[in-house]
Amino acid sequence: MLALIEQHLDSFSPAERRVADWVLAHPDEARSLTLAELAQTCGTSQPTIIRFCRHVGLAGFREFGLKLTEALSRPHNLVHRAVREGDSPAAVSEKVFDSAVQALMQQRKALREIDIERAVKLMAAARQIVFVGFGSSGHVADDARHKFFRLGIPCSAMTNSPGVRQLASIAVESDLFVMISNSGRWEALAEAARLVTERGAHVIAITNPASELARFSSVVLASGEHDETSVYTPMNSRIAQLVILDVLQVALALELGDAAVTNLRRTKQALTGDLST
């Protein structure tokens, strides 16, 4: 959380910067203050505090307090939130599986059927689909490219900021960008999404609905922050992203009907060299 605030220092307004500087200097005090107390201490208003929270991708002050407390709590183990030093392999297996299942159940509750339907309609009408992700989400983007192109829609995966910006700047209305970010805090992603929408194309974001990326997206598929990525390697969040994309791929195949079935069959046959049917 503190590293995230430092990352945004140059983009805060003067009033927000006062809040950021005070929180960075007094993190233990900050997590125990109410909204009104923090505003008074920083010499600013309560709406400024809320804007500060949203600037770093949080839903509001309550989430700020939770994230700050979590960040200041020393983790028992840097490998996985649920695992403790001395756990047996059997215990590790049980805890990692249980954690992943819980994250998927939470993710299922967060998704709205109407958003899935809108996303599938945009995909079915797209000239091409560009899957975008940085860091660990980049691997998810590349996995999606591998799944979706077999339905017969041209697909690509972009995992670096310069490439995404350039492609966004020449997007046409029938292009579709699927941007994947657990937090939605990558400024380059939000900027690329803005460029895409200005060009008349569409963005589907798998991200935090309170983020800047979500603001520039046609459809937002809410993805909760299942991992504290400043401490842990993303595991549950990556699994949730992959399952969301599996849902979209299967739903899109059904939407496309016989054409998708034919393409799936032909791509399978291509692996064996048999394209006779």
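Throughout what follows, the structure given in this document is the object of discussion. Computed from a prediction, not measured in an experiment: that's the story for all the values here. Position numbers for residues count from 1 along each chain, tracking the sequence in the order it is written. Local features in this predicted model are restricted to residues of pLDDT 70 or higher, and side-chain atom pairs are both shown and tallied only at a pLDDT of 80 or more, whereas totals for entire chains, interfaces and linings draw on every residue. Processing note: side-chain calculations cover all non-hydrogen atoms of the structure and skip hydrogens and water entirely.

Now for the pattern of salt bridges. Note on definitions: salt bridges are taken to be side-chain nitrogens of Lys or Arg within 4 Å of carboxyl oxygens of Asp or Glu. Within the structure shown, the criterion is met by eleven salt bridges. Of the charged contacts in the structure, one is a salt bridge between Asp115 and Arg112, with a shortest N-O distance of 2.9 Å. Residues Asp246 and Lys147 are paired through a salt bridge, measuring 2.4 Å at the closest nitrogen-oxygen approach. Here Asp246, found in helix H13 (residues 236-256), pairs with Lys147, found in helix H9 (residues 136-148); they are 99 residues apart in sequence, far enough to count as distant. Whether a residue is buried, partly exposed or exposed follows from its accessible area with a 1.4 Å probe, protein chains only, as a fraction of its type maximum: under 20%, in between, or over 50%, in that order. Asp246 gets classed as partly exposed once you look at its relative accessible area, which sits at 33%. Helix and strand assignments come from DSSP, with helices taken as H or I runs of at least 4 residues and strands as E runs of at least 2, each series counted from the N terminus.

Our focus in this paragraph is the pairing of strand S3 (residues 175-180). Summarising burial for S3: six of the six residues are buried, a large majority. Here S3 shows a buried face lined by Asp175, Phe177 and Met179 and a second buried face lined by Leu176, Val178 and Ile180. Note on pairing: DSSP must find at least two bridges between two strands before they are called paired. Note: strand S1 (residues 128-133) against S3, six bridges, orientation parallel. Across the sheet, residue Phe131 finds its bridge partner in S3, namely Val178.

Residues grouped as a nonpolar core are buried Ala, Val, Leu, Ile, Met, Phe, Trp, Tyr and Cys residues, joined through side-chain atoms within 4.5 Å. The biggest cluster of nonpolar side chains holds 27 residues, and the ones touching the most others in it are Met123, Ile129, Phe131, Phe148, Val178, Leu245 and Leu248. Residue assignment for this core shows that the elements contributing at least two residues are helix H8 (113-125), S1, H9, S3, strand S4 (202-207), strand S5 (219-222) and H13. Examining the composition of this core, we find that five residues originate from one element, H13, more than from any other. Leave out the neighbours within four places in its chain, and Phe148 touches Met123, Phe131, Ile153, Cys155, Leu245, Leu248, Gln249 and Leu252. Formed by 21 residues, the second largest nonpolar core is a distinct cluster that contains Phe12, Trp22, Leu38 and Cys53. Two residues qualify as a contact provided that any one of their heavy atoms is within 4.5 Å of a heavy atom in the partner residue.

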